[in-house]
Amino acid sequence: MSKGSHLSARKRAERASREERLAQALRDNLRRRKDQMRARDTRAAAPDTSPDILSEPDTSPDISNSGEASGLSGGPLSTKSNRHGGTTAD
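Quick caveat: nothing in here was measured; it's all calculated off a predicted structure. Residue positions are counted from 1 within each chain, in the order its sequence is given. pLDDT decides what is reported in this predicted model: residues at 70 or higher carry local features, side-chain atom pairs at 80 or more are listed and counted, and totals for whole chains, interfaces and linings draw on all residues regardless. With hydrogens and water stripped out, all remaining heavy atoms of the structure feed into the side-chain values.

Student: Looking at this structure, I do not really get the overall build of the protein. What am I missing?
Tutor: For the purposes of this entry, the term helix denotes a DSSP run of H or I that reaches at least four residues, the term strand denotes a run of E that reaches at least two, and both are numbered from the N terminus. Assigned secondary structure in the protein consists of two helices and two strands. The order of helices and strands in the protein, counted from the N terminus, is α-α-β-β. The method behind every accessible area is Shrake-Rupley, applied with a 1.4 Å probe, and residues are considered shielded solely by the protein chains displayed. Working note: accessible area of the protein is about 8,500 Å², and carbon and sulfur atoms make up 54% of it.

What follows is the structure in structure tokens.
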């Protein structure tokens, strides 16, 4: 005895209709995923024409431990000792 033989004609029709809808949904989903992959591959292969902020030369001041950036060069950011032994900016 087969699995669906005890079902009424109406139930068999409903089940067949459901299976067809699910099969169509799977095909649509597969098609959509393939389209998304193609779009991603196209974007990855196309050269980026937008300006790249990170590729421009860095013009910010050097803030390493050199005296110049820390204000110890005697320039406008020079410091003076205060009476408590600390330093203050001019």
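Student: Even after reading the chapter, I still don't get the confidence of the model for the protein, so can you show me in this structure?
Tutor: As a general rule, the predicted coordinates of low-pLDDT regions are not to be interpreted in detail. The score called pLDDT rates the predictor's confidence residue by residue, from a low of 0 to a high of 100. In this model, the protein carries an average pLDDT of 76, and 50% of its residues clear a pLDDT of 70 or more. Per-element mean pLDDT across the protein ranges from 50 in helix 2 (residues 67-70) up to 95 in helix 1 (residues 9-45).

Student: Would you take a moment to explain a positive patch on the surface for this structure?
Tutor: A cluster of basic residues, Lys-11, Arg-15, Arg-18 and Arg-21, forms a positive patch on the protein surface. Judged by relative accessible area, which is 42%, Arg-15 ranks as partly exposed. Candidates for patches are residues over 30% relative accessible area with no salt bridge; among them, like charges are joined within 9 Å and nonpolar side chains (Val, Leu, Ile, Met, Phe, Trp, Tyr) within 5 Å. Only one rule defines a salt bridge in this text: a Lys or Arg side-chain nitrogen within 4 Å of an Asp or Glu carboxyl oxygen. Lys and Arg are tallied as positive, Asp and Glu as negative. Neither His nor the chain termini are counted. All charge positions are set by atom: Lys at NZ, Arg at CZ, Asp at CG, Glu at CD. Type-normalised accessible area, obtained with a 1.4 Å probe on protein chains alone, sets the label of each residue: buried when under 20%, exposed when over 50%, and partly exposed for intermediate values.

Student: What should I look at first to understand the pattern of salt bridges in this one?
Tutor: When the charged atoms of two side chains lie near each other, side chains of opposite charge can form a pair. Taken as a whole and assessed by the stated rule, the structure comprises four salt bridges. Residue Arg-10 pairs with Glu-14 through a salt bridge whose shortest N-O separation is 3.3 Å. Pair noted here: Arg-10 and Glu-14 are both in helix 1, with a separation of four residues, about one helical turn. When its relative accessible area of 63% is taken as the criterion, Arg-10 is described as exposed. Two residues, Arg-27 and Glu-20, come together in a salt bridge whose shortest N-O distance is 3.3 Å.

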